[in-house]
Every structure is written in structure tokens, then in C-alpha cells.
Amino acid sequence: MGGRGRYATAIALVAAAALTLSGCARDTGGGGGAAQGGECERTAPPSVPAASAQPEPEAPKADASRLKVGLAYDIGGRGDASFNDAAAAGLDRAVAELGLQKANTREATAQAGESEDAGTSRLRQLAQAGFNPVVAVGFNYATGVKTVATEFPNVQFAIVDDDTVQLPNVKPLVFAEEQGSFLVGAAAALKTTTCKVGFIGGVDNPLIQKFDAGYKQGAEAVAPSIDVESAYISPAGDFTGFNDATRATEIASGQYDGGADIAFAAAGQSNQGVFAAAQTAQKKAIGVDSDQYNSPQLAQVRDTIMTSMIKRVDVAVYDYINAVAGNTVAQLPDRFDLKNNGVGYSTSGGQVDDIVPQLEAYKAAIIAGQIQVKSTK
């Protein structure tokens, strides 16, 4: 989606959309739930005054030319077309806009199957080499951040997706994933022709359950009788689900065969398996974290990607580097959400252009507090 300075309501168009959608029903195909009844009733989108739904202004740009910034990626690193690439984009933006010198950055990547100590060592090496701040990308670094931040109290650390480390030199970068997921759930409910949609999570843990919960709530806000089928690639504690495209293809194929015509994948690199299944079944999928339609690695399956739930790790990393440079870390938000452009949805490819007014209406209602999105089902 666009920058923070844009108003996100499209109120005039929403009114017309409400008249079109209210009471609308579509023919449905096979599957369970409402699909068996042959109808998927849609409700009208909310109406919210534009003044109550304005995003927060962007912080002034600081001079980061003197910083040395280290980034420790999760498995997959730069080029994963998802979570890590979003973090990389934030670093690249700091280089482009804040004067951060590329030569004063260093990137390191976790390897599949490595021990927790390996992550700790990676962070320690960055701190020892004089990088400050150090950004840890992913909750798997929580123990390492706590250990190394204690050893290096004068080095500033940030960690994405974890808020358990309570140290004065550690800033958590966490998100309202459920809010962005609500919007793509609404998109799925507006676009489905079978009244059945799917969700595929990488790992059955509280973080990914937030995506699941928001998606389901958004879909049901639009179509109360919609059938939302959820599945996870691996159980809690087993992180292979983020890097198992084969299993993701199997699960997605089962959902499509069962009547779902759209599936939201929140599974890291495993998303590629969902997209492959969607292409084979001639169905649609929803990406996650980055705008996956525009990922070069996914060019062959891009037409299956209806939209993506944007988790703006790039915004969080950029804002953090900017805050360190300007000595304003304490002013960063506790959570990156719709109001501060921390989450959202993509429109690349034009497949949701016709429903943007409705999605913007729901977005405005969430920002204004009219809709409270749950983080658990």
C-alpha cells in the first residue's frame, strides 16, 4: 500500500460499494459450511468519517551516516521473497534516504538446523565488530539477544517478532498481524465464488495464530456464513514448517480439492508450495509479509497471487535505524499496526482493484477503533 501520508478511507466510493454489496449473494460450489446452502451473503462495509481514520505522520529523517548497522536474518536470508526480504528492504531504504553507508552495514543469515548458540554467536560477532545497532530478524533470536545485549550494554539491539527481552538497550519490533490479516480475509470473502477459503500457517504457534484469527474474522465480517478451513504445516516448536514447500503444496491442494478457491499462506518460504498448488488447481492464493506478486523469485506463479498481507518489517527496520540515528528510539510505537503503516495489503497485479473501496472502509474502521480485531480465534 501507499505511504503513511495518504488517507486510507476512500469514503465516497465506499458508499456506492455498500449499496452494491448489501444483500449480495453468489453461486457457490462444493465444500462444507455455507457452500452447501448455495449462497454466500455479503454484508455492507462500514462507514467511517475520514477525520477519525487518518494515519500517523512519518517521523523526520535523521542523519545515519555515522552508524554501523548489523542485520542478523532468519533462515532464508535476503532473497527469501518474504520476511527477510522485507527486513532487507528497510536496510536498503536507510542507505538510500538516511545517509547510511553501505560499507558500514553487515548482513548474516541463520542456517537450517543450526543450534541456538549459533544465533547467539552471530549476534556477538556483529557487536564485537563494532556494529551498533544490531537488528535480529525473528523470534528465534530472543535468547541470543538477551545474552549478547547483556554482554554489550552500550550496543543497541532490536528484535523482530519478540517482546520478551526486557533490557534498556533492546527494542522489540512487533506487529498487529491480525489487522492486516483481517483485510485479506475480507478480500477473500469478497472474491470467493465457492464461499469457502483456506488458511495455511507455517507453524502452529501464537504468532502465526494471529494471522489465522484475523483472516477468519475479516472473512466472516464480510460473509458471516463463509467456511474458513485452517491448517498448519508443522506443530509448535517445529520450525520446519517455514521451509517445507512440498508439504505446503499437499495441504493447499487438499483445501482446493475440498472446495476452497482462495488460500492465505503465512508460512515463510513454504508459501512457494501454496502458490504452486494454486497454479495447478487454477485457484488463487494470498501472500504474506512482502508484496509477493512483485517478488522476482515468484514470477512464474505471480498471477495466482491475488494480494499479500503486508507486514511492514521494512518500515520497522527503517524507522528503528532512523530513531537510533536521531536518538528517538523511545518514541517508536509499541506495535506496528494499520495506523502507523506497520501492516496492510497489496494491490499489485490489479486483482483486488475492484474491492479496494470496501477494504479501505474496513481499514478505516479498524484505525478508528470501530472494529477491534482479535489476535486469537
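Residues numbered from 1 in each chain as written. Predicted model: local features only at pLDDT ≥ 70, side-chain atom pairs only at ≥ 80, totals over all residues. Heavy atoms only, no water.

**Regarding the pattern of salt bridges**
Tallied over the entire structure, the rule returns 21 salt bridges. Note that lysine 61 is salt-bridged to glutamate 97, the shortest N-O span being 3.1 Å. Placement of the pair is lysine 61 in the loop between helix H1 (11–21) and strand S1 (69–73) and glutamate 97 in helix H2 (residues 83–97), with a sequence separation of 36 residues. Overall, glutamate 97 belongs to the partly exposed group, its relative accessible area being 33%. We note a salt bridge from glutamate 178 to lysine 210, for which the minimum N-O separation is 3.9 Å. Of the two residues, glutamate 178 is situated in helix H5 (residues 177–191) and lysine 210 in helix H6 (residues 206–222); the sequence distance between them amounts to 32 residues. Among the residues examined, lysine 210 registers a relative accessible area of 13% and is labelled buried. Via salt bridges that share partners, Asp161, Glu177, Glu178, Lys210 and Lys311 belong to a single interconnected network. (Salt bridge = Lys/Arg side-chain N within 4 Å of Asp/Glu carboxyl O. Helix = DSSP H or I, 4+ residues; strand = E, 2+ residues; numbered from the N terminus. Buried < 20%, exposed > 50% of the residue type's maximum accessible area, 1.4 Å probe, protein only.)

**With respect to H6**
With 17 residues, H6 extends 25 Å between its outermost C-alpha atoms, agreeing within 8% with the 24 Å of an ideal straight helix rising 1.5 Å per residue. Most of H6 sits out of view: 12 of its 17 residues are buried. When H6 is considered as a whole, its buried residues turn out to be Leu207, Ile208, Lys210, Phe211, Asp212, Ala213, Gly214, Tyr215, Gln217, Gly218, Ala219 and Val222. (Expected span 1.5 Å × (residues − 1).)

**Some remarks on the nonpolar core**
Grouped together as the largest cluster of nonpolar side chains are 75 residues, with contacts concentrated most on Leu71, Phe211, Tyr215, Phe264 and Ile321. Ranked by residue count, the leading element in this core is helix H9 (residues 313–326), at 9 residues. Setting aside residues no more than four positions away along its own chain, tyrosine 215 makes contact with Ser181, Phe182, Val184, Gly185, Ala188, Val197, Gly198, Phe199, Val228, Ile262, Phe264 and Ile286. Counting 20 residues, the second-largest nonpolar core is a separate cluster that includes Ala81, Ala248, Ala277 and Tyr293. (Core = buried A, V, L, I, M, F, W, Y, C linked by side-chain atoms within 4.5 Å. Contact = heavy atoms within 4.5 Å.)

**Points about the packing of H5 against H6**
Any two packed helices are characterised by how steeply their axes cross, that is the angle between the axes, and by the distance between the axes. Their axes nearest at 6 Å, the elements H5 and H6 cross at an angle of 40°. Between H5 and H6, the interaxial angle falls into the category oblique. Relative to H6, H5 is oriented so that their crossing is right-handed. Contact residues: Glu177, Glu178, Ser181, Phe182, Val184, Gly185, Ala186, Ala188, Ala189 and Leu190 in H5; Leu207, Lys210, Phe211, Gly214, Tyr215, Gln217, Gly218, Ala219, Ala221 and Val222 in H6. Looking at side-chain class alone, the contact of H5 with H6 contains 12 nonpolar, 5 polar and 3 charged residues. (Axes fitted to C-alpha atoms, helices over the stretch in contact; angles between N-to-C directions. Parallel < 35°, antiparallel > 145°, perpendicular 65-115°, else oblique. Left-handed = near helix turned anticlockwise from the far one by under 90°. Nonpolar A, V, L, I, M, F, W, Y, C, P; charged D, E, K, R; others polar.)

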